[in-house]
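# Breakdown of the fold
Here are the chains, one letter per residue:
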Amino acid sequence: MTRSRKDRDSPRPVAPGKTRAKPRDKPGAKPGAKARRNVGKEGRGDMTRTRVSVPGGDVVAYSCGTGRETLLVVSGGPGCACDYLRDAHRHYANEGFRVVAWDQLGTGESDVPDDPSLWNIPRFVAELEAVRRALGIGRFHLLGHSWGGILALEYVLAFPQHVKRFVMSNIGPSVPLLNLGFKQCKMALGIETVKMIALHECAGTVGHPEYQAAATLLSFRHLCRMHPLPEPVVRSLGVLGPSFAAMFGPHLYHCTGSLASWDRTADLHTVGLPVLLTTGEHDYVLPEYVAIAGNHFPRASLRIFANCGHMPFWEDPTAYHAEVLGFLKGHG
């Protein structure tokens, strides 16, 4: 069973890490790549919204700009709507790019299937390819953030002929190393706090005020070092899709889902296109682990943004966009 956001009553915002309720209405669309341009533009300014059939249901893609070069941005989570990443990069339309993003299946305005078998990397790679075909995109530039960087790397390995340049943003080549980063960030809070976090996660009492206080501190230090958070970030983190619990796990700072053993370090040497690795000084994806990818990609450069966490495109947009635009335009 699937449903789209426009077919549901407006949900009440929930804290990061909360997941959507299971859907109750219409059956999902058959797999395919037929775009339907009758969705309208309400609330999206100059963004064109397009429904696309993908394996498992329909997703909503967003596009702005008419440049000769296309940048496709892939949001993180898994399970986050694309608002936070799309809105941070949509002004690239003024720099000669057609900017494309989409709400991955189970997120944002896309369908929310009640089918656990859908939450796996090969299906998401097929979803990305379906969006590319439906929107008539030829060779393009690819930017993936966090989980979106994992998905984008998997796409580059499967379809290298379609990608010109690849920005792997705030993610490394190994989730086991990511978990080590989570552990190090939690240890900085003190051993008693680490024990408290673990006990609440084991007991299922993560709503307790002391656990929520620790999660808030971790998020401010390492996720996005801004207060208040930008509105697109609030929207994307407000409700997480079902892929989050299935692939990442039930908790924000400990991956125990199906991604827990993901590691592509040994395959990076096969990627021949230019790669830009970005991360923040205080990111929970520790810079030293992102640098490992730089040692294995044949044509990679690395930029670490000072005083930033996991979202340098919001935390230091001037430095971030200068670096990324320079790379995409062939100057980096």
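Residues numbered from 1 in each chain as written. Predicted model: local features only at pLDDT ≥ 70, side-chain atom pairs only at ≥ 80, totals over all residues. Heavy atoms only, no water.

### Regarding the packing of aromatic side chains
Inspection of every chain in the model, using the stated rule, returns 13 aromatic pairs. Pairwise contacts between aromatic rings join Phe182, Phe244, Phe248, Tyr253 and Tyr284 into one cluster. The residue whose ring lies beneath Arg123 is Phe124, and the NZ or CZ to ring-centre distance is 4.4 Å. (Phe/Tyr/Trp six-rings, centres within 6.5 Å; stacked < 30°, edge-to-face > 60°. Lys NZ or Arg CZ within 6 Å of the ring centre and 35° of its normal.)

### Some thoughts on the pairing of strand S2 (residues 48–54)
Walk down a regular strand and you will see the side chains alternate between the two sheet faces. Burial within S2 is extensive, with six of its seven residues counted as buried. The pairing of S2 with strand S3 (residues 57–64) spans seven bridges and is antiparallel. From the neighbouring strand, Arg51 faces S3, where its bridge partner is Val60. (Buried < 20%, exposed > 50% of the residue type's maximum accessible area, 1.4 Å probe, protein only. Helix = DSSP H or I, 4+ residues; strand = E, 2+ residues; numbered from the N terminus. Pairing = 2+ DSSP bridges.)

### Concerning the pattern of salt bridges
Enumeration according to the criterion identifies 18 salt bridges in this entry. Asp83 serves as the salt-bridge partner of Arg86, at 3.6 Å between the closest nitrogen and oxygen. Of this pair, Arg86 and Asp83 both sit in helix H1 (residues 83–89), three residues apart, which is roughly one turn of that helix. Grouping residues by exposure puts Arg86 and Asp83 together as buried. Where Glu192 meets Lys195, a salt bridge forms, and the shortest distance between an N and an O atom there is 3.9 Å. Highlighted residues: Glu192 and Lys195, both in helix H5 (residues 191–203), separated by three residues, approximately one helical turn. What makes Glu192 exposed here is its relative accessible area of 55%. (Salt bridge = Lys/Arg side-chain N within 4 Å of Asp/Glu carboxyl O.)

### Focus: empty space enclosed by the protein
For the structure on display, the rule yields one cavity of 30 Å³ or more. As a volume, the largest cavity reaches approximately 360 Å³. If you trace the largest cavity, you find 30 residues lining it, with Gly77, Ser146, Leu223, Tyr284 and His310 closest to the centre. When contributions to the lining of the largest cavity are tallied by element, the ones reaching two or more residues are helix H3 (147–158), helix H4 (175–187), helix H6 (209–223), helix H7 (231–238) and helix H8 (242–248). Looking at the lining of the largest cavity residue by residue, the class counts come to 23 nonpolar, seven polar and no charged. (1 Å grid on protein atoms, 1.4 Å probe; cavity = no way out; pocket = protein on both sides within 12 Å on 5 of 7 lines; lining within 4 Å. Points joined across faces, edges and corners; volume = space filled by probe spheres on them. Nonpolar A, V, L, I, M, F, W, Y, C, P; charged D, E, K, R; others polar.)

### Description of H4
The first and last C-alpha atoms of H4 sit 18 Å apart over 13 residues, in line with the 18 Å expected at 1.5 Å per residue. Listed in full, the buried residues belonging to H4 are Val175, Leu178, Asn179, Gly181, Phe182, Cys185 and Lys186. The buried residues of H4 occupy one face: seen down the axis, they fall within an arc of 155 degrees. Buried residues along H4 sit against H3, H5, H6, H8 and helix H9 (287–296). Structurally, the start of H4 carries an N-cap: the backbone nitrogen of Leu177 is 3.3 Å from a side-chain oxygen of Ser174. (Expected span 1.5 Å × (residues − 1). Arc of directions from axis to C-beta. Contact = heavy atoms within 4.5 Å. Polar contact = N/O pair within 3.5 Å; in protein donor to acceptor, adjacent residues only side chain to side chain.)

### Looking at the confidence of the model for the protein
In this model, the protein carries a mean pLDDT of 89, and residues with pLDDT of at least 70 account for 86%. Confidence drops under a pLDDT of 50 for residues 1–44, and excluding neighbours within four residues, the segment shows 114 contacts in the predicted structure. (pLDDT = per-residue confidence, 0-100.)

### With respect to the pairing of S3
Summarising burial for S3: eight of the eight residues are buried, a large majority. Between the end of S2 and the start of S3, which pair antiparallel, lie two residues, with Gly56 showing a positive phi angle near 110 degrees. The pairing of S3 with strand S5 (residues 97–103) spans five bridges and is antiparallel. Residue Cys64 lies in a different strand from S5, and its bridge partner there is Val99.

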